[in-house]
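# Structural description and commentary
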Amino acid sequence: MRRYTVIGACFIFFFMACVGQTYAQQVLSIGTNPTGLSYHIIGVGISTIVEKYTNLKMKVVPMDAAHAWMPLMPTRQIDLGVASNWNAQKGYLGESIYKDLSKGKGFPVALMFISVPNMIGLIVAGSSNINSVPDLKGKRVSGPIPNAAMQLQTECLLANGGLKWSDIKPALAKSPSEAVKLIIEGRSDAASVALGTPVNEELNAKKGARFLPVDPSPEAVRRTKSVFPGYPVKVSPGPGKTGIEKERYLWAYDNYIIVRKDLDENVVYQIMKAIFEHYSELCAFHVGLKDLKPSMFVSREALIPFHPGAVKLYKEKGLWTKEMDVLQKELLGMKKD
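First things first, this report covers the structure right here in the doc.

### Some words on the nonpolar core
Formed by 81 residues in total, the largest nonpolar core has its most connected members in Met112 and Ile258. For this core, the element with the highest residue contribution is strand 4 (residues 109–125), accounting for 10 residues. If we skip the residues at most four places from it in the chain, isoleucine 258 touches Trp69, Met70, Met73, Asp79, Leu80, Gly81, Ala88, Val109, Ala110, Leu111, Met112 and Ile304. Among the nonpolar cores identified, the runner-up in size contains 24 residues, and Ile145, Met150, Val235 and Leu250 belong to it.

The following block contains the structure:
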């Protein structure tokens, strides 16, 4: 009996070693937004840390947005991705723009961890006389952007100031970076962009840059959330905060790092362990990540289920609670595989 136990143990060890070697040789792909945008920068940071502290290899794949790379997860062409909570939820459930893309079934994705929120606002040239969102009525605003989430972000910021898309003059743009470049070229007056995006520096160098303040009043927040999920956050001037001349509010929404549901549990565990133990190194890639803390990785506000490999680590670290078990069950029950 002991002989068979030893043989069985050796077989399991050999099998796990083969699995580990297979994934060590495989290059895992992480989908992001286009080069230069915050999600791409975050993807580069995650890839760098994973390769530095594990035997896994990673490749950053910049694409138009989540709606471009998420459909590649079922075919294992993309393994991880950086997405907004809105894209992750709609992709998981197969709603909005993801309804046709997934044939109404949603995509097999799971949450690995929640990062610091993206802080967005409407940016204008520092030399302009536009100082508030209501001042944009009748002015040129970059868009519509052919990316549902990004376009909704622009519209939610307008709604914060009591404006609708019909109240402004559209200036067609394909991406947030191009949207800001239109201001530089004199073809737009304002654009929605994330704090810390490199193109903001270009605008500031040529025309100055100023983020318009978000109104944090209850009614304004209600209008904003009716268009795109999030919450107002107070931002003070500082390094990497180009466009913040003085303390003001911007709009924030949570960023998700998601994985394909069938990605090996041990692989996800390794990735998450590396991020958990070396998260502080991510701030070198993007100023917005300087406030990242492991306590943010798990939240009762999560909109899609966590991957078992991530849950395993969170339980070891004491971050996974009974409340999270309840939420996980609820989220898993929102769709049928």
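### Comments concerning the environment of tryptophan 320
Mapped onto the elements of the fold, tryptophan 320 is located in the loop between helix 11 (308–316) and helix 12 (322–332). We classify tryptophan 320 as buried; its relative accessible area is 10%. Apart from the residues lying within four places of it in its own chain, the contact partners of tryptophan 320 are Val298, Phe306, Val311, Tyr314, Lys315, Asp325 and Gln328. Reaching out from tryptophan 320, the side chain makes a polar contact with the side chain of aspartate 325 at a distance of 2.8 Å.

### Describing the packing of aromatic side chains
According to the stated counting rule, one finds 7 aromatic pairs in the structure shown. Ring geometry for phenylalanine 228 versus tyrosine 253: centroids 5.2 Å apart, planes at 80°, classification edge-to-face. Here tyrosine 253 lies in strand 10 (residues 248–260) and phenylalanine 228 lies in the loop between helix 9 (218–225) and strand 9 (231–235), a separation of 25 residues in the sequence. Of the two residues, phenylalanine 228 and tyrosine 253, both sit in the buried class. Put simply, the rings of Trp86, Phe228 and Tyr253 touch in pairs and so form one group of aromatic residues. For the cation-ring pair, lysine 312 lies above tyrosine 269, with the distance from its terminal atom to the ring centre recorded as 4.8 Å.

### Looking at the layout of surface pockets
The calculated volume of the largest pocket comes to roughly 290 Å³. Lining the largest pocket are 20 residues, and of these Pro117, Met119, Val287, Gly288 and Asp291 lie nearest its centre. Here the lining of the largest pocket takes 4 residues from strand 4, the largest share from any one element.

### Brief notes about the packing of helix 2 (residues 38–53) against helix 10 (residues 265–278)
At a minimum axis distance of 9 Å, the contact between helix 2 and helix 10 shows a crossing angle of 100°. With respect to helix 10, the element helix 2 is oriented roughly perpendicular. Packed against helix 2, whose contacting residues are Ile46, Ile49, Val50 and Tyr53, the element helix 10 presents Ile271, Ala274, Ile275 and His278 at the interface. Class assignment for the residues of the contact of helix 2 with helix 10 results in 7 nonpolar, 1 polar and no charged.

### Some thoughts on empty space enclosed by the protein
What the rule picks out here adds up to 1 cavity of 30 Å³ or more. Taken as a whole, the largest cavity encloses approximately 230 Å³ of empty space. Lining the largest cavity are 24 residues, with Asn33, Met150, Gln153, Pro176 and Tyr253 sitting closest to its centre. Listing elements by their share of the lining of the largest cavity, those giving two or more residues are helix 2, strand 3 (80–84), strand 4, helix 6 (148–160) and strand 7 (191–194). The biggest single contributor to the lining of the largest cavity is helix 6, with 4 residues. Of the residues that constitute the lining of the largest cavity, the class distribution is 14 nonpolar, 10 polar and no charged.

### Observations concerning the pattern of salt bridges
Going through the model one piece at a time under the given rule, you end up with 13 salt bridges. For lysine 206, the salt bridge goes to glutamate 202, with nearest N and O atoms at 3.6 Å. Taken together, the residues lysine 206 and glutamate 202, both in helix 8 (residues 199–207) and 4 residues apart, mark about one turn of the helix. For glutamate 202, a relative accessible area of 31% gives the class partly exposed. Note that glutamate 277 and lysine 273 form a salt bridge whose closest N and O atoms lie 2.8 Å from each other.

### A few points about the pairing of strand 10
Side-chain positions along a regular strand alternate between the two faces of the sheet. Of all 13 residues making up strand 10, 12 are buried, and the element is well covered by its neighbours. Examined bridge by bridge, strand 3 and strand 10 share 5 bridges and lie antiparallel to one another. Directly across from valine 82, in strand 10, lies its bridge partner isoleucine 257. Relative to strand 10, strand 9 runs antiparallel, the two being bridged by 5 bridges. When the sheet's bridge partners are listed, valine 235 is paired in strand 10 with arginine 248.

### Topic: the side chain of serine 38
Take serine 38: it is sitting in helix 2. In contact with serine 38, other than residues within four places in its own chain, are Asn118, Ala194 and His286.

### A few points about helix 4 (residues 85–93)
Of all 9 residues in helix 4, 9 are buried, a share of seventy percent or more. Taken as a whole, helix 4 has its buried residues at Asn85, Trp86, Asn87, Ala88, Gln89, Lys90, Gly91, Tyr92 and Leu93. Note on helix 4: the residue one or two positions beyond its end, glycine 94, has a positive phi of about 75°.

Conventions used here
- Residues numbered from 1 in each chain as written.
- Predicted model: local features only at pLDDT ≥ 70, side-chain atom pairs only at ≥ 80, totals over all residues.
- Heavy atoms only, no water.
- Core = buried A, V, L, I, M, F, W, Y, C linked by side-chain atoms within 4.5 Å.
- Buried < 20%, exposed > 50% of the residue type's maximum accessible area, 1.4 Å probe, protein only.
- Helix = DSSP H or I, 4+ residues; strand = E, 2+ residues; numbered from the N terminus.
- Contact = heavy atoms within 4.5 Å.
- Polar contact = N/O pair within 3.5 Å; in protein donor to acceptor, adjacent residues only side chain to side chain.
- Phe/Tyr/Trp six-rings, centres within 6.5 Å; stacked < 30°, edge-to-face > 60°.
- Lys NZ or Arg CZ within 6 Å of the ring centre and 35° of its normal.
- 1 Å grid on protein atoms, 1.4 Å probe; cavity = no way out; pocket = protein on both sides within 12 Å on 5 of 7 lines; lining within 4 Å.
- Points joined across faces, edges and corners; volume = space filled by probe spheres on them.
- Axes fitted to C-alpha atoms, helices over the stretch in contact; angles between N-to-C directions.
- Parallel < 35°, antiparallel > 145°, perpendicular 65-115°, else oblique.
- Nonpolar A, V, L, I, M, F, W, Y, C, P; charged D, E, K, R; others polar.
- Salt bridge = Lys/Arg side-chain N within 4 Å of Asp/Glu carboxyl O.
- Pairing = 2+ DSSP bridges.

Distances and angles like these do not, on their own, reveal function.
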